[in-house]
Amino acid sequence: DTRLSQLTRLVERAQEQRPPLARTADRIAGVFVAALIVAAIAVYAWWRVHEPARAFEVALAVLVVSCPCALSLAVPAVLAAAHGALAKLGVLALRADALDTLARADRIVFDKTGTLSDRRPQLAGIETFAGFAREDALAIAAALQRDSGHPLAAAFEATGRMLSANAVCGESGRGVSGRIDGREWRLGRAQWAARRDDDDAIWLGDGEQAFARFVLRETPRADAAQALRELRAQGLRIDLCSGDADAAVARMAAAIGIATRDTRARQTPEDKLAHVRERQRAGEIVAMIGDGINDAPVLAGADVSLALADGAALAQRAADFVVTGGALRRIPQAIALARRSRRIVRQNLGWAIGYNLLALPLAASGQVTPWIAAIGMALSSLLVTLNALRLTRMSAPRELSVHTSPANDAAVYTLPS
């Protein structure tokens, strides 16, 4: 019943399924075997007429030298090695054909809160209204957010007073509402919670009147900027879509190096999905990176998607990959691995087809004995397997160490030597 067990079952189910490319290779191998039997009979008949003493030997060499095994191994061997390498990187594949789609992705859309931010928001300021006590505002906000699972809820955890909220309900793109001591409260966007002009703060109200305004400060994940640089170096275009206000989105974009033209603020789940659909209609293959419940629709709608393991379970169920540990640099590593896997699949298929096209005529013409044919067949299968195993040599990304400069309170990120 644990989340880990659910993820394990999803991974096992993905590994049981065969992606379309593997099924195509199996069909080709099946047709090849049938054609090979017909060819061996024809070769035997020809040699039986012209040189009966060698007819059986040559027909046997034709059967032995051919290598449908290499064709059938070309894709599964690569997938097995690739999934093992992904596991070393800390990326779990939940869909059988997701690796090939990830290799072809040309645009990545990021969520902001909890995905690019480090899930440790800080309460930077509190403003109260109508003589409302600061401690009461904090206690009510903490009670409403206690079980929400939203990354921003962590900012309200450190409160001394404990209240109990009933009938708590989250509204996508707006906030969370609930009843405390018989009174209805709303915590979220200014217009929805307190009928105030929208800004980048979180407001506490009853739907009509404002009682408190909370200013939160988010910090980018330690490796976010580096991960984005590596993704751009791979030729990927990057978008940032967030439900937060323009100012908060702009600050995050500036901190990690995303251009303003590539950001979209106050995006509902429907807006995010519409943006992905628009890019898909333009012929792009879109990857989505998210972590929250609100991201689940767009994670499911993107061509390929990655959810963070420290996010919502629903987002992970909707995604094609789950990235463990919260390190964003695993994403460009996974894309590099997917692209390399695709190249190795092509190499394996090219070798298997080329070998058979060369070996079969030689065997049919009597230039290959059965024992040489056996060696050739074994070496062909071994070569395909060894080529796939090259994927396992990819190492896991080095973690970033973080320290804070006391002079300006700025985070400095360094790689270990």
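Placed above this text is the structure.
Residues numbered from 1 in each chain as written. Predicted model: local features only at pLDDT ≥ 70, side-chain atom pairs only at ≥ 80, totals over all residues. Heavy atoms only, no water.

A. Seen up close, the overall build of the protein chain. When you go through the protein chain residue by residue, the secondary structure sums to 14 helices and 15 strands. When the 417 residues of the protein chain are sorted by exposure, 48% land in the buried category. Nonlocal contacts in the protein chain, meaning residues at least 24 apart in sequence, comprise 64% of its contacts between residues at least 6 apart. Taken as a whole, the protein chain presents about 19,700 Å² of accessible surface, with 56% of it coming from carbon and sulfur. (Helix = DSSP H or I, 4+ residues; strand = E, 2+ residues; numbered from the N terminus. Buried < 20%, exposed > 50% of the residue type's maximum accessible area, 1.4 Å probe, protein only. Contact = heavy atoms within 4.5 Å. Areas by Shrake-Rupley, 256 points an atom, 1.4 Å probe, with all protein chains shown as cover.)

B. A look at the pairing of strand S12 (residues 304-308). Of all five residues in S12, five are buried; the element is thus mostly enclosed. Sheet topology note: the strand S11 (residues 286-290)/S12 ladder contains four bridges and is parallel. What sits directly across from Ile 289, in S12, is Leu 306. In this fold, the crossover linking S11 to S12 by way of helix H11 (residues 296-301) has right-handed handedness. (Pairing = 2+ DSSP bridges. Right-handed = clockwise from strand over helix to strand, strands pointing away.)

C. Fine view of the pairing of S11. Within S11, five of the five residues are buried, leaving the element largely enclosed by the surrounding structure. Relative to S11, strand S2 (residues 107-110) is paired through four bridges, and the arrangement is parallel. The residue bridging Val 109 from the neighbouring strand is Met 288, located in S11.

D. Layout of the sheet that holds strand S1 (residues 91-93). Reading across from one edge, S1-S13-S12-S11-S2-S9-S10 is the order of the seven strands in this open sheet, with mixed pairing throughout. Edge positions in the open sheet fall to S1 and strand S10 (263-264), since each of these has one partner strand only. Here S1 pairs with strand S13 (residues 321-323) via three bridges, running antiparallel. Directly across from Ala 93, in S13, lies its bridge partner Phe 321.

E. Region of the structure containing the packing of helix H13 (residues 330-364) against helix H14 (residues 370-389). With their axes 9 Å apart at the nearest point, H13 and H14 run at an angle of 170 degrees to one another. In terms of orientation, H13 lies roughly antiparallel with respect to H14. Contact with H13, carried on its side by Ile 344, Gln 347, Asn 348, Trp 351 and Tyr 355, involves Ala 373, Gly 376, Met 377, Ser 380, Leu 383, Val 384, Asn 387 and Ala 388 of H14 and no other residues of that element. Among the residues making up the contact of H13 with H14, the classes are represented as eight nonpolar, five polar and no charged. (Axes fitted to C-alpha atoms, helices over the stretch in contact; angles between N-to-C directions. Parallel < 35°, antiparallel > 145°, perpendicular 65-115°, else oblique. Nonpolar A, V, L, I, M, F, W, Y, C, P; charged D, E, K, R; others polar.)

F. Seen up close, the pattern of salt bridges. Under the definition given, this model contains 24 salt bridges. Here Asp 111 and Lys 272 are joined by a salt bridge, their closest N and O atoms 3.1 Å apart. Taken together, the positions of Asp 111 in the loop between S2 and strand S3 (122-128) and Lys 272 in helix H10 (residues 269-281) put the pair 161 residues apart, joining distant regions of the chain. Among the salt bridges present, the one from Arg 221 reaches Asp 310, with a minimum N-O distance of 3.3 Å. With a gap of 89 residues between them, Arg 221 in the loop between strand S8 (210-217) and helix H8 (224-233) and Asp 310 in the loop between S12 and helix H12 (313-318) connect regions that are remote in the sequence. On the basis of relative accessibility, which here comes to 7%, the residue Arg 221 falls in the buried class. (Salt bridge = Lys/Arg side-chain N within 4 Å of Asp/Glu carboxyl O.)

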